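A look at the structure
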Amino acid sequence: MPDERENIKSRYTADREIPGSFEGETVTRRRFMVGTVNLAGAGATLAFTLPALAFALGPVFERQKATWEDIGPPSRFNPNTYVPVNFTQQPGIGDVGKTTAYVRRYNPAIDGERGPKDEWEEFIAISTRCAHLGCPVRYVSAAERFICPCHGGVYDKLGKVNGGPPVRPLDRFYTRQRGGQVQIGPRFSVNSELHRFSPRDPGEPLDGIGPILYPPRPSTAKLPKP
């Protein structure tokens, strides 16, 4: 019976009769140089790609901090008419971080006799960013409608879709009272029943399987807890 050990190849290059081999050598010079060059190339590639990936993906996983800003005393807002308010939504980036919201006091005749859901709904603050592609909408008092000039989106007085291409109602902002001032805070999205969701981008529906098809970004995966 043949010895199986005879079929085992030697680890030394000379025993394997590799051209240019030296006695006691286990790796040929060519294989060593090829491996070294490949390793150096992989290191150089990582040195270029990792910082770029970190720069591109870092902000996605950085959870946004909730900020609040005074927008005036409660007497500034009434339950029947919206007041446009400019405020800083994202501090630290200048005018680019500013936005506008239409604010009014909670009105049982408009919002329902049930009363505010909680302390964040005593004042209704509706975003001016269209839920279709993000164009700025404006409130037309005579028609009691929010109108988007870009693609004909129309919303009712609650911000629900009345017509056009928008896929969900206008976003809203948390509000609260502190020190005799009304404060406006983080943005949140709502579906057709005005149930709250973590902020979504324009064009992402929130009814049916919408929340599954369009999950929130990691930075806003959870509703803020002011």
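See the structure above.
Residues numbered from 1 in each chain as written. Predicted model: local features only at pLDDT ≥ 70, side-chain atom pairs only at ≥ 80, totals over all residues. Heavy atoms only, no water.

1. Quick notes on the nonpolar core
The test is simple: In these notes, a set of buried Ala, Val, Leu, Ile, Met, Phe, Trp, Tyr and Cys residues joined through side-chain atoms within 4.5 Å is what counts as a nonpolar core. Burial status follows relative accessibility: with a 1.4 Å probe on protein chains alone, a residue under 20% of its type maximum counts as buried, one over 50% as exposed, and anything between as partly exposed. What makes two residues a contact is simply this: any of their non-hydrogen atoms within 4.5 Å.
Counting 14 residues, the largest nonpolar core has Tyr82, Ile126, Val137, Phe146, Tyr155 and Leu170 as its most contacted members. Non-local contacts of Ile126, meaning those with residues more than four positions away in its chain, are made with Tyr82, Thr100, Ala101, Tyr102, Phe146, Lys157, Leu158, Gly159, Leu170, Asp171 and Arg172. Among the nonpolar cores identified, the runner-up in size contains twelve residues, and Val83, Phe123, Ala125 and Val182 belong to it.

2. Comments concerning a nonpolar patch on the surface
Convention followed: Two distance rules govern patches: like charges are joined within 9 Å, and nonpolar side chains (Val, Leu, Ile, Met, Phe, Trp, Tyr) within 5 Å, applied only to residues with over 30% relative accessible area and no salt bridge. Areas reported as accessible are Shrake-Rupley estimates using a 1.4 Å probe. Residue values count occlusion only from the protein chains shown. Only one rule defines a salt bridge in this text: a Lys or Arg side-chain nitrogen within 4 Å of an Asp or Glu carboxyl oxygen. A helix here means a DSSP run of H or I that spans at least four residues, while a strand means a run of E at least two residues long, and both kinds are numbered starting from the N terminus.
Together, Ile209, Ile212, Leu213 and Tyr214 line one region of the surface with nonpolar side chains, adding up to about 440 Å² of accessible area. Mapped onto the secondary structure, Tyr214 falls in the segment after α3 (210-213). The class of Tyr214 is partly exposed, set by a relative accessible area of 33%.

3. Brief notes about the environment of Gly164
Relative to the elements of secondary structure, Gly164 occurs in the loop between β8 (161-163) and β9 (172-178). We classify Gly164 as exposed; its relative accessible area is 54%. Each C-alpha atom, one on Gly164 and one on Ile147, is 9.9 Å from the other, the two residues being 17 residues apart in sequence. Look past the residues within four positions of Gly164 in its chain and what remains in contact with it is Gly152 and Gly153.

4. Here we look at the pattern of salt bridges
One pass over the structure, following the stated rule, counts six salt bridges. Here Arg178 makes a salt bridge to Glu119, at a shortest N to O gap of 3.7 Å. Taken as a pair, Arg178 in strand β9 and Glu119 in the loop between α2 (108-111) and β4 (123-127) lie far apart in primary sequence, 59 residues in all. A salt bridge links Asp171 to Arg129, with the shortest nitrogen-to-oxygen separation between them at 3.9 Å. In this pair, Asp171 is assigned in the loop between β8 and β9 and Arg129 in the loop between β4 and β5 (138-140), connecting sequence segments 42 residues apart. Given the relative accessible area of 3%, Asp171 is considered buried. One network of salt bridges, in which partners are shared, links Arg129, Arg168, Asp171 and Arg187.

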